[in-house]
Amino acid sequence: DRFEAEYGPIKREKGSDEEEEEEEKARVDAIMKQKGREWNELFGEEANDDDDFKIGISLTPNVDKKKVKAKKGPSVTSSGSGVKLRLFADYFHSDIILASPIGLKMSTTNEESDDEGEGDTADVDFLSSIEMCVVARSDVLMMQNWDHVNSVLDSLNRQPKNVSDIDFSRVRKYFLEGQGKYWRQMIVVSAFTDPYVLSTFRRHARNIEGQLRIRKKVSTDNASICDVMVRVKQVFQRVTCSTVSEAGSARLRFFSEHVLPKLQRLQQKHTLIYIPSYFDFVAVRNLLLKREAKFVSVTEYARVSEVSRGRARFLQGLKPIMLYTGRAHFFLRHKIKGARHLIFFGLPEYDEFYPSVVNMLNEGLTSENEDDVSRLPMSSLSLFTKFDAHQLERIVGTSHAERMIKGDKSSYVFAS
């Protein structure tokens, strides 16, 4: 049916040669297994990863007509037998709307609207009476475009522009008075605490009963750094900055003044630089181009041929530096070979990304070329600011993070 076709699992086409098909399936399954269970739930072979979806659901009492007994007068007493659920209902007649941020934004934006005047021409009347808003998997939405989430939340509980089809006798008084946002319940669910998510929650969770935030403290034993299996000295360097907006430029300045000159002076090869933000990636890339450094890039926007060619040149030592973005790791989970030195330009959002990237060190390298492999010991450097407390807490634990953020020293070393 329509629902199964649009939202069901994607079925792979069967080939003509059964033996070749089984071999290909075994190869693909081995690759999928390496990427992890969570990745397969989002992007696996049978997962539907379409990020542009929206569906309206209406709920009506499922009345058994045989049990309905009509009485005199206008009222009718019936014995209900559950609720009837109707999929693909019109948004204005839906009790539940299940949609992605980009799906809602596309459906509420007229063709003639532009980025600057979008709010004036968007049809968001069906969002005027929202009583409960659940933002699920906020951590995944952040890896797409969080501005779409803020744009949708800005459209909730506005006064409708077209009131011709509204039965005002059924509208609650606080909606008529434009106070719907103060009665709306908002629930934001995320795998981790993030400043962007918290900012959105504080801005849009305006319920008169207040706000409640639940977070989990990370013990030292449960910190993700405990999952590092490679014997390497891990250095965490705190970078000084006064505001959140200056954090990126402060890290770039520290990298250009203290890290990059050392790499070029030692002619260090097999250096992997992990950059969570694409904007920071652009800044680091431009810096390397300005300093005439040889490097390759692996991003979420690069073609498969570019990625394969860059990974091969990095493994062979033809390119000493690789820039690897956080979103590329989230969507593709590359297993980078040839890295012996690791630099986290910023701490990864997902705590499991830290040990998974560190454990890539020395992968695929041999001692055939002593000059490139054994001349310098393996190393790991992570740059962070005081505004990266949430990411740092998930990696090293709550107690260590508090000391590293507020301590007098700026460098901290962990050994595995």
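Novice: So what exactly am I meant to see when it comes to the overall build of the protein here?
Specialist: When helices and strands are tallied, the protein shows 17 helices and 14 strands. Taking the intrachain contacts of the protein between residues at least 6 apart in sequence as the baseline, contacts between residues at least 24 apart amount to 75%. Of the accessible surface of the protein, which amounts to about 25200 Å², a share of 50% is contributed by carbon and sulfur atoms.

Novice: Looking at this structure, I do not really get the environment of Ser-256. What am I missing?
Specialist: You can see Ser-256 is positioned in helix H10 (residues 247–266). For Ser-256, a relative accessible area of 12% translates into the label buried.

Novice: Please explain the confidence of the model for the protein as it appears in this structure.
Specialist: In regions of low pLDDT, the predicted coordinates are not meant to be interpreted in detail. Per-residue confidence for the protein averages 87 on the pLDDT scale, and 88% of its residues sit at or above 70. pLDDT under 50 marks residues 68–79. Its contacts with residues more than four places away, or in other chains, come to 10 contacts. Counting contacts from residues 116–120, a segment whose pLDDT is below 50, to residues more than four positions away or on other chains yields 6 contacts.

Novice: Before we go on, may I ask you to explain the nonpolar core in this structure?
Specialist: Inside soluble globular proteins, nonpolar side chains tend to come together where they are buried. One finds Ile-225, Phe-236, Leu-272, Leu-392 and Val-396 to be the most contacted residues of the largest nonpolar core, which totals 66 residues. Counting residues in each nonpolar core, the second largest holds 23 residues, with Ala-247, Phe-255, Leu-263 and Ile-343 among its members.

Novice: Looking at this structure, I do not really get the packing of helix H16 (residues 389–396) against helix H17 (residues 398–406). What am I missing?
Specialist: When two helices pack together, their arrangement is given by the angle between their axes and by how far apart the axes lie. It is at 7 Å that the axes of H16 and H17 come closest, and there the two elements cross at 135°. Relative to H17, the element H16 is oriented oblique. Handedness of the H16/H17 crossing: right-handed. Listed contacts from H17 to Ala-389, Leu-392, Glu-393 and Val-396 of H16 are Thr-398, His-400, Ala-401, Met-404 and Ile-405. For the contact of H16 with H17, the residue count by class is 6 nonpolar, 2 polar and 1 charged.

Novice: Please explain the side chain of Arg-251 as it appears in this structure.
Specialist: With respect to the helices and strands, the residue Arg-251 is situated in helix H10. A relative accessible area of 8% places Arg-251 in the buried class. Once residues within four sequence positions are removed from consideration, Arg-251 is found in contact with Val-239, Asp-280, Phe-345, Gly-346, Leu-383, Thr-385 and Asp-388.

Novice: Help me out: how do you make sense of the pattern of salt bridges in this one?
Specialist: Where charged atoms of side chains with opposite charge meet at close range, the side chains can pair. Applying the stated rule across the entire model yields 14 salt bridges. The residue Glu-38 makes a salt bridge to Arg-137 at a minimum N-O spacing of 3.5 Å. With a gap of 99 residues between them, Glu-38 in helix H3 (residues 37–43) and Arg-137 in the loop between strand E6 (132–135) and helix H6 (138–142) connect regions that are remote in the sequence. Take Glu-38: its relative accessible area is 25%, and that puts it in the partly exposed class.

Novice: Help me understand the sheet that holds strand E9 (residues 271–275), please; the structure alone is not making it clear to me.
Specialist: Strand pairing in a sheet takes place through backbone hydrogen bonds and is either antiparallel or parallel in direction. Strand order in the open sheet formed by 7 strands is E10-E11-E9-E12-E13-E8-E14, with mixed pairing between adjacent strands. With one partner strand each, in any of the chains shown, strand E10 (295–298) and strand E14 (411–415) form the two edges of the open sheet. Across the sheet, the mean angle separating the axes of adjacent strands is 20° when strand polarity is ignored. Pairing of E9 with strand E11 (residues 321–325), which is carried by 5 bridges, proceeds in the parallel orientation. Paired with Leu-272 across the bridge in E11 is Met-322.

Rules of the game
Residues numbered from 1 in each chain as written. Predicted model: local features only at pLDDT ≥ 70, side-chain atom pairs only at ≥ 80, totals over all residues. Heavy atoms only, no water. Helix = DSSP H or I, 4+ residues; strand = E, 2+ residues; numbered from the N terminus. Contact = heavy atoms within 4.5 Å. Areas by Shrake-Rupley, 256 points an atom, 1.4 Å probe, with all protein chains shown as cover. Buried < 20%, exposed > 50% of the residue type's maximum accessible area, 1.4 Å probe, protein only. pLDDT = per-residue confidence, 0-100. Core = buried A, V, L, I, M, F, W, Y, C linked by side-chain atoms within 4.5 Å. Axes fitted to C-alpha atoms, helices over the stretch in contact; angles between N-to-C directions. Parallel < 35°, antiparallel > 145°, perpendicular 65-115°, else oblique. Left-handed = near helix turned anticlockwise from the far one by under 90°. Nonpolar A, V, L, I, M, F, W, Y, C, P; charged D, E, K, R; others polar. Salt bridge = Lys/Arg side-chain N within 4 Å of Asp/Glu carboxyl O. Pairing = 2+ DSSP bridges.

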